[in-house]
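Remarks on the overall topology
Each chain, letter by letter, is given below.
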Amino acid sequence: MKEDQAAVDARPAGKRAGRTLVAREQRTTVGQIQVDNPRMSCRNVDVYYNFGEKQAINNICLDIGKNEVISMIGPSGCGKSTFLRCLNRMNDTIEGCQVQGEIIMDKKNIYDKDVDVVPLRAQVGMVFQKPNPFPKSIYDNIAYGPKIHGLVQNRDETDELVEKSLKRAGLWREVKDRLDQPGTGLSGGQQQRLCIARTIAVNPEIILMDEPCSALDPIATAIIEELIDELKQEYTIAIVTHSMQQASRVSQRTAYFHLGDLIEIGPTDQIFLNPLHQLTEDYITGRFG
Ligand code: ADP
Ligand code: MG
C-alpha cells in the first residue's frame, strides 16, 4: 500500500498509468452523466445563495440511477450538500437561495410551479448529518409522518407500519420493548437508524443522506453502511460522504465535486483507482490542486 502511494506521488503531474489526465483548468464534467435507467435527471443546475450574490454550484448535469447508491465526494464547501438539497427542494427552505435548471422525475421538473413539495419530500426523503429525532417517543417518531400523509387509518395499521419501518432500518429488535420511550434517549447510531426508519415510513423512492455517519463511531458507521447496502434493493440512495473508504464501500457510482463544479462522474472503482481528471486524482491521492 505504502509503495503504491509512493509510486503515485512519483508520477509526473498529468499522467496516470501512461495516460494523460484532463487538465485542472477544464471544468466540464468528465465521465458518463447519463445512466440507462435514471430515476432523476439533473440538467444545468445552478444554485445561488444570498439572493444571487454567491454561486454555490455551477451547471450540474447528472442522472441518478434507479436502485443505485451514488456518492458525492469532494473538499469541504465544494457544493455537495447544496446539490443534494436540490433533489428534494430542501434549498427552498433557505432564504435567498435560488435554484435554476431542471431536475426531471417521472417526466416532470420537480421545480415546476405546480409541484407540491410536501409529497415530493416524502418521495425523496432525507437523512441528515446529525441524527435529529423529534422530541417524541420512538413510536411517534415513526408514526408522525404516515399520519400526516394519510398512509395509515387506525392504530393497527400504524402499529404495523411502525414495526415494518423499524425492521427495515435494522432497529426493531433493539427498541421493540421501549417504543414509548423518547427517541432522543437512544445512542447516536440508533438515533440515525430511527431517522432512517422515519424516512422509510412515508414510502420514499429516493433517500438522500448527507454525511449520515460523520457523528457516529466506527461500529455504528458499519451498521449504517450495511443498512445502506440492503436498502438499495428497494430504494435509490444519494449519499454525501467525506470518507473515500465509505464511498467505495457503499456506492456503485461516485461524483467528484470541486468548487461548485461536477468534475468527474463514473463507476466508484474507476474514480478511486483510475480517475480521468487531474483534480479527482489530486483529491484521491490527498494532494489538493
Ligand atoms: P459541502 O457540502 O460540499 O461542504 P455546501 O454545499 O455546504 O458544501 O456549500 C457550498 C458553498 O455554498 C460554500 O461556499 C458554502 O459556504 C456556501 N453555502 C452553503 N450554504 C449556504 C447558505 N445557507 N448561505 C450562504 N452560503 C452557503
Ligand atoms: Mg456538506
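Each remark here, short or long, concerns the structure printed above.
Residues numbered from 1 in each chain as written. Chains lettered and ligands numbered in written order. Predicted model: local features only at pLDDT ≥ 70, side-chain atom pairs only at ≥ 80, totals over all residues. Heavy atoms only, no water.

Another point: the site of ligand 1. Surrounding ligand 1, one finds 13 residues, the nearest of these being Gly-77, Gly-79, Lys-80, Ser-81 and Thr-82. Contacts to ligand 1 include Cys-78, whose backbone N or O atom sits 3.2 Å from an oxygen atom. Across the complex, the protein chains shield 67% of the 560 Å² of accessible surface that ligand 1 would expose by itself. For the shell around ligand 1, the secondary-structure elements that each account for two or more residues are strand 4 (54-65) and helix 2 (80-86). The dominant element in the shell around ligand 1, judged by the number of residues it contributes, is helix 2, at four residues. Broken down by class, the residue content of the shell around ligand 1 amounts to five nonpolar, five polar and three charged. (Near = heavy atom within 4 Å. Polar contact = N/O pair within 3.5 Å; in protein donor to acceptor, adjacent residues only side chain to side chain. Areas by Shrake-Rupley, 256 points an atom, 1.4 Å probe, with all protein chains shown as cover. Helix = DSSP H or I, 4+ residues; strand = E, 2+ residues; numbered from the N terminus. Nonpolar A, V, L, I, M, F, W, Y, C, P; charged D, E, K, R; others polar.)

With their axes 8 Å apart at the nearest point, helix 5 (residues 155-168) and helix 7 (residues 188-201) run at an angle of 125° to one another. The angle between helix 5 and helix 7 falls in the class oblique. Read as a crossing pair, helix 5 and helix 7 show a hand that is right-handed. Contact residues: Leu-161, Ser-165, Leu-166 and Arg-168 in helix 5; Leu-194, Ala-197, Ile-200 and Ala-201 in helix 7. Considered class by class, the residues forming the contact of helix 5 with helix 7 number six nonpolar, one polar and one charged. (Axes fitted to C-alpha atoms, helices over the stretch in contact; angles between N-to-C directions. Parallel < 35°, antiparallel > 145°, perpendicular 65-115°, else oblique. Left-handed = near helix turned anticlockwise from the far one by under 90°. Contact = heavy atoms within 4.5 Å.)

This part is about the sheet that holds strand 12 (residues 261-267). With mixed pairing, six strands are arranged side by side in an open sheet as 8-9-10-5-11-12. If you trace the sheet from one side to the other, it starts and ends with strand 8 (124-127) and strand 12, each paired once. Neighbour-to-neighbour, the strand axes of the sheet open up by a mean angle of 20°, direction not taken into account. Across four bridges, strand 8 lies against strand 9 (residues 206-210) in parallel orientation. Bridged to Gly-125 within strand 9 is Ile-207. Each of strand 8 and strand 9 touches helix 7; the most contacted strand, strand 8, lies at about 170° to it. (Pairing = 2+ DSSP bridges.)

Let us now look at the nonpolar core. Grouped together as the largest cluster of nonpolar side chains are 36 residues, with contacts concentrated most on Met-40, Leu-62, Phe-83, Leu-87 and Ile-103. Element by element, the count of residues in this core is highest for strand 4, at six residues. The contacts of Ile-103, once residues within four sequence positions are left out, are Met-40, Ser-41, Cys-42, Val-45, Cys-86, Leu-87, Lys-108, Asn-109, Ile-110 and Tyr-111. Residues Tyr-139, Ala-169, Ala-197 and Leu-216 belong to the second largest nonpolar core, which totals 32 residues. (Core = buried A, V, L, I, M, F, W, Y, C linked by side-chain atoms within 4.5 Å. Buried < 20%, exposed > 50% of the residue type's maximum accessible area, 1.4 Å probe, protein only.)

Once that is clear, we can look at the packing of helix 4 (residues 138-148) against helix 7. Where helix 4 contacts helix 7, the axes come no closer than 8 Å and their chain directions differ by 25°. Between helix 4 and helix 7, the angle is such that the two are roughly parallel. Here helix 4 runs over helix 7; the crossing is right-handed. Here helix 4 contributes Ile-138, Asn-141, Ile-142 and Pro-146 to the contact with helix 7, which in turn contributes Leu-194, Ala-197, Arg-198 and Ala-201. Across the contact of helix 4 with helix 7, the residue classes tally to six nonpolar, one polar and one charged.

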